[in-house]
Amino acid sequence: MSDIEIRDDRPAGRLEAVSGGEVVGRVEYFVLDPPDRALVPVHTIVEPAHEGRGIAGSLARELYAVARREGASVVPLCPYVSGWAARHQDEAPAPGAALTGAAEKWLAAHPERF
């Protein structure tokens, strides 16, 4: 995976894995502010030609690293990130129920976003 660069396109709400100038995977997310600041991943996508290379896991790991650097939580509404978090509890602290509820409510109010 050394040829993969991960970059945060915050305005677009995407953490992208780039190889050879091409986006080969991404985590789509939104930023939640009240009640607490959180990054909320909704979808993880890896292009079929690049599956099986650990790209999705690297994206999930970097999303948690970005959140840590920003003093934010992660509320994994994306099934892949949620499963990754369950397997890596030392790197992925679970969000509280109130924060999860707020993220779910925001997503339900903005279905056009994803």
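## Details of the side chain of His50
Structurally, His50 can be placed in the loop between β4 (38–46) and α1 (55–70). Once you skip the residues sitting within four places of it in the chain, His50 turns out to touch Glu22, Val24 and Ile55.

## Concerning helix α2 (residues 79–87)
Here α2 has its buried residues at Val81, Trp84 and Ala85. Projected down its long axis, α2 shows its buried positions confined to an angular sector of 100°, all on one face. Exposed residues on α2 whose side chains face more than 90 degrees from its buried face are Pro79, Ala86 and Arg87. Where α2 is buried, its residues touch β4 and α1.

## Some details on the pairing of strand β1 (residues 5–9)
Relative to strand β2 (residues 14–19), β1 runs antiparallel, the two sharing 5 bridges. For Glu5, the partnering residue across the bridge sits in β2 and is Val18. With antiparallel pairing between neighbouring strands as the criterion, β1 and β2 make up a hairpin whose turn holds 4 residues, including Gly13 at a positive phi of roughly 70°.

## A few points about the packing of aromatic side chains
Pairs of aromatic rings are described using the distance from one ring centre to the other and the angle between the two planes. Under the definition given, this model contains 3 aromatic pairs. Residues Phe30 and Trp106 carry aromatic rings whose centres are separated by 3.9 Å and whose planes lie at 20° to one another, so their mutual orientation is stacked. Pair noted here: Phe30 is in strand β3 (residues 22–32) and Trp106 is in helix α3 (residues 97–109), with a separation of 76 residues, a long-range link. The class for Phe30 is buried, based on a relative accessible area of 3%. Pairing Phe30 with Phe114 gives two aromatic rings, centres 6.0 Å apart and planes at 50°, and the pair type is tilted. Taken as a pair, Phe30 in strand β3 and Phe114 in the segment after α3 lie far apart in primary sequence, 84 residues in all. On the basis of relative accessibility, which here comes to 27%, the residue Phe114 falls in the partly exposed class. Within the aromatic cluster, the residues linked to one another by ring pairs are Phe30, Trp106 and Phe114.

What counts, and where the lines are drawn
Residues numbered from 1 in each chain as written. Predicted model: local features only at pLDDT ≥ 70, side-chain atom pairs only at ≥ 80, totals over all residues. Heavy atoms only, no water. Helix = DSSP H or I, 4+ residues; strand = E, 2+ residues; numbered from the N terminus. Contact = heavy atoms within 4.5 Å. Buried < 20%, exposed > 50% of the residue type's maximum accessible area, 1.4 Å probe, protein only. Arc of directions from axis to C-beta. Pairing = 2+ DSSP bridges. Phe/Tyr/Trp six-rings, centres within 6.5 Å; stacked < 30°, edge-to-face > 60°.

No statement about biological role is implied by the geometric values presented.
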